[in-house]
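Remarks on the overall topology
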Amino acid sequence: MTTLTTPLDDAPLGRLRGAVRGDIVERGDPDYDEARRVYNAMHDKYPALVVRAADASDAMATVDFAREQDLLLAVRGGNHSFSGQGSCDGGIVLDLGRMRGIRVDPEARTAVVQGGCTWADVNHATHAYGLATTGGVVSSTGVGGLTTGGGMGHLARRHGLACDNVLAADLVTADGRAVTCDEERHPDLFWAIRGGGGNVGVVTAFEYRLHPVDDVLGGPVFYPLDADVLRGYRELIAGSSEDFSALLVITLGPPVPFLPERWHGRPLCGLVVCWTGRPEEDRRIRARLDEVGPVLGSAVARVPYPVTNTLFDEMLPAGLHHYGKGHFSPDLSDQAIDVHVSYGAMTPSLQSATVFFPIDGACHRVGQKETAFAYRDAAFSVAVSPALTTRAACEAAVGWVRDYSAALAPHCLQGGYVNFMDHDDAGRVRANYRQNYARLAAIKRRHDPGNLFRLNHNVAPDAMS
Ligand code: FAD
């Protein structure tokens with residue numbers, strides 16, 4: 001494998017330069033440092049080249065170049081990978097961040113979204129038509145990684161995961177070809193990009209199904225960190241229509257005006273609510289929130305839907321140090337709740353959180369084997385994710401995450417969400433794909449036998465399935 005210490009051959013590099021309409025950033029270029037950086041500051045890597053692709057043709061040329069030069073290839077969408085896989089040492093980064101075009105078809109209720117878009121881009125474009133699809137709850141997260149890994153968000157209970165709303169995708173495969181995949185065309189690739197991560201190619205555009213979602217009742221409401229509150233949350237979700245969703249967040253009280261000062265910096269629970277049902281029922285929903293536990297502060301209000309996906313943005317700028325683990329909880333048992341309460345009390349910083357995403361409802365109406373996403377039997381996806389301002393503080397929090405995760409494991413399904421895995425979770429890939437691993441490995445063997453797309457939660461083509 002070629003690395004930075006092996007100078008790249010001038011002739012092929014010259015051909016790449018001639019082929020690419022976007023730009024190519026190399027070591028020594030003024031914007032190299034900015035181009036090589038990833039969102040999670042725990043990962044500090046030095047690629048030989050960053051290709052900022054302008055279009056699918058640039059992606060094809062870059063894939064060909066990486067394969068022919070035997071270079072490590074990192075594919076980057078929104079750059080939010082916990083494990084820092086949007087960059088690499090000595091290889092090439094294919095950065096899709098300039099491919100941000102979106103075309104909404106309001107009649108068909110679909111949107112074609114380029115692979116470098118963020119959820120801020122999608123929500124902005126579709127909200128103008130009173131439409132939306134399931135996406136991430138931090139607006140700077142990319143559609144690329146989130147959708148190919150599954151994709152949880154506020155609309156998941158009613159409309160399924162992000163990947164469940166993909167109708168078709170344009171993909172560049174390891175041989176540098178561009179294909180369109182859907183239920184009819186390349187159905188194996190279409191299956192694999194819906195949960196299988198970036199294992200089988202570069203998605204240059206997704207076509208999503210959209211749903212009528214306009215203004216919603218949304219925002220945060222805070223409670224003490226208490227087992228009764230978590231039980232109240234479990235019952236709230238189980239007893240609510242799919243038009244209601246709420247993330248539960250165990251964190252430290254943020255310094256916001258609607259939370260009394262004595263709670264700032266203290267462990268507590270927050271619900272981040274999203275009610276897409278009739279405004280006439282807002283009062284009933286608010287009453288249900290009051291029943292979860294003693295309310296410490298609330299900013300729940302009628303807001304445009306995109307706002308519900310910006311509430312963490314300010315707390316989580318690029319450049320913090322992150323480490324994470326993901327779990328799937330079948331039922332949020334009382335025993336699991338006890339684990340959450342005791343470890344949640346040790347949450348290390350304001351930006352750190354344990355986040356529960358409800359993924360029942362429409363997510364369960366898709367079969368276990370219908371897409372590569374393997375957890376149609378989970379009621380909640382749980383991410384334990386500290387974020388800290390220094391590397392040393394983050395390293396100090398790793399033990400907390402590992403102990404917390406070990407204590408949760410007996411109460412969770414085996415494996416976890418690939419999008420919440422960190423760099424030390426490579427050994428969990430098979431467990432994370434459960435019953436779908438063998439099919440994914442077979443598709444990988446067929447379409448990427450050389451494992452060009454390996455900087456991901458990698459399904460190795462030569463793995464015994
Ligand atoms: P990148 O770092 O750009 O990509 C991650 C990986 O995805 C790449 O290594 C590559 O393998 C693959 N990839 C990216 N783009 C493409 C593409 N176009 N084609 C093929 N493969 C591609 N997850 C949720 O489900 N719901 C959430 O609400 C949510 N919130 C998050 C909030 C924060 C602050 C963070 C850090 C993560 C969050 N996640 C969430 C997890 C998120 O889904 C993953 O981190 C995901 O990988 C991010 O995708 P990206 O495109 O931004 O990242």
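Residue indices begin from 1 for each chain and proceed along its sequence in written order. Local features in this predicted model are restricted to residues whose pLDDT is 70 or higher, and side-chain atom pairs enter the listing and the counts only when it is 80 or higher, whereas totals over whole chains, interfaces and linings include all residues. Side-chain metrics rest on all non-hydrogen atoms present in the structure, leaving aside hydrogens and water.

Considerations on the domain arrangement of the protein
Our working definition: Where each domain begins and ends follows an automated or database-derived domain assignment. Residue contacts follow a heavy-atom distance rule, with two residues in contact if any of their heavy atoms lie within 4.5 Å. Buried area adds together the accessible area that both of two parts lose upon being put together, with accessible area traced by a 1.4 Å probe.
Along its sequence, the protein is carved into domain 1 (12-95), domain 2 (102-212) and domain 3 (215-426). The gap between the C-alpha centroids of domain 2 and domain 3 is 23 Å. Each partner contributes residues to the interface: domain 2 has 30 residues there, and domain 3 has 41 residues. In total, domain 2 and domain 3 occlude about 2,800 Å² of area from one another, counting both sides; carbon and sulfur atoms represent 58% of this. Three residues, Met 152, His 154 and Arg 157, lead the burial of domain 2 against domain 3; their summed loss comes to 34% of the area buried on that side.

So, the nonpolar core
In plain terms, the rule: Here, nonpolar core refers to any group of buried Ala, Val, Leu, Ile, Met, Phe, Trp, Tyr and Cys residues whose side-chain atoms link them within 4.5 Å. Note on exposure labels: buried denotes an accessible area under 20% of the residue type's maximum, exposed denotes more than 50%, and partly exposed covers the range between, all computed with a 1.4 Å probe on protein chains only. Elements are defined by DSSP. Helices are runs of H or I of four residues or more, strands are runs of E of two residues or more, and each kind is numbered from the N terminus.
Tyr 233, Phe 244, Leu 271, Leu 289 and Phe 356 are the most contacted members of the largest nonpolar core, which totals 43 residues. Looking at this core, the elements that each hand over two or more residues are β12 (215-224), α8 (227-238), β13 (244-252), β14 (267-275), α9 (282-292), α10 (334-344), β20 (380-385) and α11 (391-408). Looking at this core element by element, the count peaks at 7 residues for α11. Contacts of Phe 244, omitting those with residues within four sequence positions, involve Arg 157, Leu 236, Ile 237, Val 273, Cys 274, Trp 275, Ile 285 and Leu 289. Core analysis: the second largest hydrophobic core is formed by 35 residues, Ala 162, Phe 190, Val 200 and Ala 441 among them.

Observations concerning the site of the ligand
Going by this rule: Definition of nearness: a residue and a molecule or strand are near each other if at least one heavy atom of the residue lies within 4 Å of the molecule or strand. Side-chain atoms alone can form a polar contact between residues adjacent in sequence; in general such a contact is a pair of N or O atoms within 3.5 Å, and within protein one must be able to donate a hydrogen while the other accepts it.
In the neighbourhood of the ligand, 32 residues make up the surrounding shell, with Gly 77, Asn 79, Gly 142, Met 152 and Tyr 417 lying closest. The contact in question runs from an oxygen atom of the ligand to an N or O atom on the backbone of Gly 145, over 3.0 Å. One of the backbone N or O atoms of Met 152 is found 2.8 Å from a nitrogen atom in the ligand.

With respect to the packing of aromatic side chains
Aromatic rings in a pair are described by how distant their centres are and how their planes are angled relative to each other. Quick reminder of the rule: In this analysis, rings of Phe, Tyr and Trp, with Trp reduced to its six-membered ring, are considered paired at centre separations within 6.5 Å, and the interplanar angle assigns stacked below 30 degrees, edge-to-face beyond 60, and tilted for intermediate values. Two thresholds decide whether a charge sits over a ring: the Lys NZ or Arg CZ must be within 6 Å of the ring centre and within 35 degrees of the ring normal.
Taken as a whole and judged by the stated rule, the model has 15 aromatic pairs. When the centroid spacing of 5.6 Å and the interplanar angle of 40° are considered together, the rings of Tyr 233 and Phe 380 count as tilted. Of this pair, Tyr 233 sits in helix α8 while Phe 380 sits in strand β20, and the two are 147 residues apart along the sequence. A residue is classified by how much of its surface remains accessible, and Tyr 233, at 0% relative accessible area, is buried. Here the aromatic cluster, defined as three or more aromatic residues joined through ring pairs, consists of Phe 82, Phe 328, Phe 357, Phe 373, Tyr 375, Tyr 417 and Phe 420. It is Arg 194 that lies over the ring of Phe 190; its NZ or CZ is 3.8 Å from the centre. The aromatic ring of Trp 191 is capped on one face by Arg 439, whose charged end is 4.2 Å from the ring centroid.

Concerning the sheet that holds strand β8 (residues 166-172)
Convention followed: Pairing between strands is defined by DSSP: at least two bridges between them are needed. Whenever a helix is involved, its axis is fitted only over the stretch in contact; in every case the axis is a line through C-alpha atoms, and angles between N-to-C directions fall within 0 to 180 degrees.
Here 5 strands make up an open sheet; going across it, the order is β5-β6-β10-β8-β9 and the pairing antiparallel. The outermost strands of the open sheet, each flanked by one partner alone, are β5 (102-105) and β9 (178-181). Neighbour to neighbour, the strand axes of the sheet diverge by 10° on average, direction disregarded. Note that strand β6 (residues 110-114) and strand β10 (residues 202-209) share 5 bridges and pair antiparallel. Bridge pairing links Gln 114 to Ala 205 in β10. Lying over the sheet, helix α3 (residues 56-68) contacts β8, β9 and β10, oriented at roughly 50° with respect to β8.

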